[in-house]
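Listed here are the chains, written in short residue letters.
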Amino acid sequence: MATVEHSDGTLAAGPDTSSDEGLRRRDFINIAAVSVAGVGAATTLYPLVNQMNPSADVLALAAIEVDLSAIQPGQAVKTIFRKQPLFIRHLTPAEIQAANAVSPSELRDPQSLVERTAAGKPQWLITMGVCTHLGCVPLGAAEGENKGAYGGYFCPCHGSHYDTAGRIRKGPAPKNLEVPAYAFKSDTVVTVGEEA
Amino acid sequence: MSFPWAEEYRPKSGFMRWIDQRLPLPRLVYGAVGGGYPVPRNLNYFWNFGVLAGIALVIQIVTGIILAMHYVPYDQAAFRSVEHIMRDVNQGWLLRYLHANGAAFFFIVTYIHIFRGLYYGSYKAPRELVWMLGLVILLLMMATAFMGYVLPWGQMSFWASKVITGLFGAIPLVGEPVQTWLLGGYAPDQPTLNRFFSLHYLLPFVIAGVIILHIWALHIPGSGNPTGVDVKSPQDTLPFHPYYTAKDGFGLGVFLILLAFVVFFAPNYLGHADNYIPANPLSTPSHIVPEWYFWPFYAILRAFTVDFILPAKLWGVLAMFGSIILLFFLPWLDPSPVRSGNYRPRFRQFFWILILDILVLGWCGGLPAEEPYVMISQVATMYYFAHFLIILPILSWTERTLPLPNSISESVLHGEEREAAPADLSGVRPATAAE
């Protein structure tokens, strides 16, 4: 090492420390060492933070396949998508008509049925079964449940009414029921959780 | 704390002054590991290992807390949850391998730290309590490491918990009730796993607390040094920061490179393949040994094969615990006023024989309990106790030590012609002004 120990007990790099021109060797070493340590520390943070993201087994269930062939018009099924209820509803022509009869501009969250369903498949209404108010599960998917004043879904927690397109019509909820990304694999099989 | 010439904390900004007047934490840090802690200027790289052990503990706590976010302390799910960490959790393999190998590295640096203390007489007055608190930390580390090893609930985990709690069964009269109490049953089971998880999470924080006491006690007389000569004047010391933060920083870099090498290229080298088999209470692995850092103690445990007044099993347990308890009395077993092995030629020879003896014990502890290894461990065990109980006391009274330097600065700066230069073993050869 080119470290010189002076009799006064100070250590200095190289014989000439009085020079104030440019960087001293020690400055370079200092900056280089601290930079390497800093980059190392920042890199170490990545796994420490990333480990809290969904793990591979959770991601493996991030997309589900649902067979629609047994769902008759007027029926709905409740299934589980990403640990939350998912409503899949086979709309009757009357329900489609009822949904289209309303002008979207009058609604709290303006959307038409076409915007909320897949192209060419307006009879399949696929929404999350999570009320957009505070997260309760609305009624109306199972037979005999209260479908609310607009024939869609009714949330019993705070009385939000959704229509046959899953749009908020009355009550405290601010938004329509969320439509997840989904893609039809065939006429009767849909993959929820995958972009179309 | 420490010496009268220790630099006083002077806040660099108004904000720090505001904090310091209300909560003198910056002052505490400055005095403990900053420019306000004067350290002998002649420390060699063996003085890195205390800091490295502290950092190893931090690595264990950080990775351990994360593993606990994904681990399930339930006998039907524990093994699966560990595999879940290895396969599913983002970078879970890295965190678990860091934790498992981090434990081994924690023991490596701690053992080197202890050997440093043995060689340079760090246990002698006025640092007896520093030494004893260090031994308490070692015992806590062993308990923590053992309980952590049980958590994956593999074959080695299960049988380690059975064997180690079985040691307590050797205690006369109360042994069996104590063992049942520790296990929460008649054999390792769900209650055992759950309480070991709880304690494995708790003990590292107890260790951290004892480390604070260890450092506090150390900072009263200040750090020792390779000459063992007391600090006498400001010429003998340098401020901890930046001199020793830089030196420790370099050592830390080397330590992390070695740890990373093992984690990335040989993560299972120090482990046992049997622990990747789920725990089976009906079948013992054919060769059951603890982790390498327990091997010397395991050899001592197995060295006792004959009942002599007490049952052999009890002798083994007593000797194993005794091998560490003995070290608590070391400051009085070795009353020689010369601290450093550099100035004790005979002591130095016996020190290296002791190291060799412990390595032999470790080697035997990792092998099956067969001849000739049992006989070798018996001899080595006998020597271990003889070193501390017979050789050291005699040595400290009879040994002719070498003349000590007048001061640290003299030994470092320009005094080597005037002192009886010790053999160049310790790396304390000073840099000279004439370079």
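Please refer to the structure placed before this passage.
Residues numbered from 1 in each chain as written. Chains lettered and ligands numbered in written order. Predicted model: local features only at pLDDT ≥ 70, side-chain atom pairs only at ≥ 80, totals over all residues.

**As for the overall build of chain B**
Rules: By definition, any uninterrupted DSSP run of H or I lasting at least four residues is a helix, any uninterrupted run of E lasting at least two residues is a strand, and each is numbered from the N terminus. Within these notes, the globule rule equals 2.2 Å times the number of residues to the 0.38 power, and the radius of gyration is based on C-alpha atoms. Buried, partly exposed and exposed are defined by the number of other C-beta atoms within 10 Å of a residue's own C-beta, namely 20 or more, between the two limits, and 12 or fewer respectively, with C-beta atoms placed from the backbone. Once C-beta atoms have been placed from the backbone, residue pairs whose C-beta atoms lie within 7 Å are recorded as contacts.
From N to C terminus, chain B includes 16 helices and two strands. Whereas a compact globule of 435 residues would reach a radius of gyration of roughly 22 Å, chain B reaches 24 Å, a difference of no more than 12%. Along the three orthogonal principal directions, the C-alpha set of chain B runs to about 70 × 60 × 40 Å. The buried share among the 435 residues of chain B stands at 37%. By sequence separation, contacts in chain B at least 24 residues apart represent 75% of the contacts at least 6 residues apart.

**Here's the deal with the sheet that holds strand E11 (residues 189-192) of chain A**
Adjacent strands of a sheet form backbone hydrogen bonds with each other and so pair up, either parallel or antiparallel. All names here are of chain A. Inclusion rule: We call two strands paired when DSSP finds no fewer than two bridges between them. Orientation is described by axes fitted as lines to C-alpha atoms, over the contacting stretch for helices, and by angles from 0 to 180 degrees between their N-to-C directions.
Taking strand neighbours across the sheet as the criterion, the three strands line up as E3-E11-E10 in an open arrangement whose pairing is antiparallel. Edge strands, defined here as strands with exactly one partner in the open sheet, are strand E3 (64-67) and strand E10 (182-184). Averaged over all neighbouring strand pairs, the angle between strand axes comes to 25°, with direction disregarded. Two elements, E3 and E11, share four bridges in a ladder whose sense is antiparallel. Across the sheet, isoleucine 64 pairs through a bridge with valine 192, a residue of E11.

**With respect to the sheet that holds strand E5 (residues 84-90) of chain A**
Residue and element names in this part refer to chain A. As summarised here, the arrangement of the three strands in space is E4-E5-E6, forming an open sheet in which the pairing is antiparallel. Two strands close off the open sheet at either side, each with one partner strand: strand E4 (76-81) and strand E6 (124-128). Averaged over all adjacent pairs, the angle separating strand axes in this sheet is 20°, with direction ignored. Note: E4 against E5, six bridges, orientation antiparallel. By the bridge assignment for E5, phenylalanine 81 is matched with glutamine 84.

**Overview of helix H1 (residues 25-50) of chain A**
Selection rule: Residue count minus one, scaled by 1.5 Å, sets the expected span of a helix.
Between its first and last C-alpha atoms H1(A) spans 38 Å; for 26 residues at 1.5 Å apiece the expected length is 38 Å, and the two agree. With respect to burial, H1(A) is a largely exposed element, only zero of its 26 residues being buried.

**Details of the nonpolar core**
Inclusion rule: Buried Ala, Val, Leu, Ile, Met, Phe, Trp, Tyr and Cys residues whose C-beta atoms connect them within 7 Å together make up a nonpolar core.
In this structure, B:Leu52, B:Ala53, B:Ala56, B:Phe106, B:Val109, B:Val150 and B:Trp153 are the most contacted members of the largest nonpolar core, which totals 44 residues. Residue assignment for this core shows that the elements contributing at least two residues are helix H3 (49-70), helix H4 (78-87), helix H5 (92-119), helix H6 (128-150), helix H7 (155-168), helix H9 (190-219) and helix H10 (240-265) of chain B. Among the nonpolar cores identified, the runner-up in size contains 25 residues, and A:Leu91, A:Cys131, A:Ala141 and A:Ala173 belong to it.

**Here's the deal with H4(B)**
Residue and element names in this part refer to chain B. Filter applied, for reference: Of all possible arcs, the one meant is that of the directions from the helix axis to the C-beta atoms.
Residues of H4 that are buried: Ala78, Phe79, Ser81, Val82 and Ile85. Buried residues along H4 cover an arc of 165° about the axis, so they all sit on one side. In this structure, the buried side of H4 is in contact with H3, H5 and H9.

**Description of the pairing of strand E8 (residues 160-163) of chain A**
Residue and element names in this part refer to chain A. Both faces of E8 are covered, namely the face carrying Ser160 and Tyr162 and the face carrying His161 and Asp163. Judged from the four bridges that link them, strand E7 (residues 151-155) and E8 form a sheet pairing that is antiparallel. Among the inter-strand pairings, glycine 151 is bridged to a residue of E8, identified as aspartate 163. As judged from the two bridges shared by E8 and strand E9 (residues 168-170), these two strands associate in the antiparallel manner.

**A look at the pairing of E5(A)**
Residues and elements named next belong to chain A. A loop of two residues connects E4 with E5, the two strands running antiparallel in sequence, and arginine 82 in this loop sits at a positive phi of about 50°. As judged from the five bridges shared by E5 and E6, these two strands associate in the antiparallel manner. Of the residues in E6, the one forming a bridge with arginine 89 is leucine 125.

**A word on the packing of helix H11 (residues 295-302) of chain B against helix H12 (residues 312-325) of chain B**
Residue and element names in this part refer to chain B. Defined as follows: Helix crossings get a hand from a simple test, with the near helix turned counterclockwise from the far one by less than a right angle marking a left-handed crossing and a clockwise turn marking a right-handed one. By the convention adopted, Pro, Cys, Tyr, Trp, Phe, Met, Ile, Leu, Val and Ala count as nonpolar, Lys, Arg, Asp and Glu as charged, and the other residues, Gly among them, as polar.
Two numbers describe how H11 lies on H12: the axes approach to 7 Å, and their chain directions differ by 145°. Crossing of H11 against H12: the hand is right-handed. Counting all contacts with H11, which are made through Phe297, Ile300, Leu301 and Arg302, the residues of H12 involved are Gly316, Val317, Ala319, Met320 and Ser323. Of the residues in the contact of H11 with H12, the class split is six nonpolar, two polar and one charged.

**Some words on the packing of H7(B) against helix H8 (residues 175-183) of chain B**
All names here are of chain B. The criterion, for reference: Note on terminology: angles under 35 degrees are roughly parallel, angles over 145 are roughly antiparallel, angles of 65 to 115 are roughly perpendicular, and the others are oblique.
Running from amino to carboxyl end, H7 crosses H8 at an angle of 140°, the nearest separation of the two axes being 7 Å. One way to sum up the angle between H7 and H8 is to call them oblique. With respect to the hand of their crossing, H7 and H8 are arranged in right-handed fashion. On the side of H7, the interface is formed by Thr165, Gly166 and Phe168, while H8 contributes Gly175, Val178, Gln179, Leu182 and Leu183. In terms of residue class, the contact of H7 with H8 is built from four nonpolar, four polar and no charged.

Read these as spatial facts, not as claims about activity.
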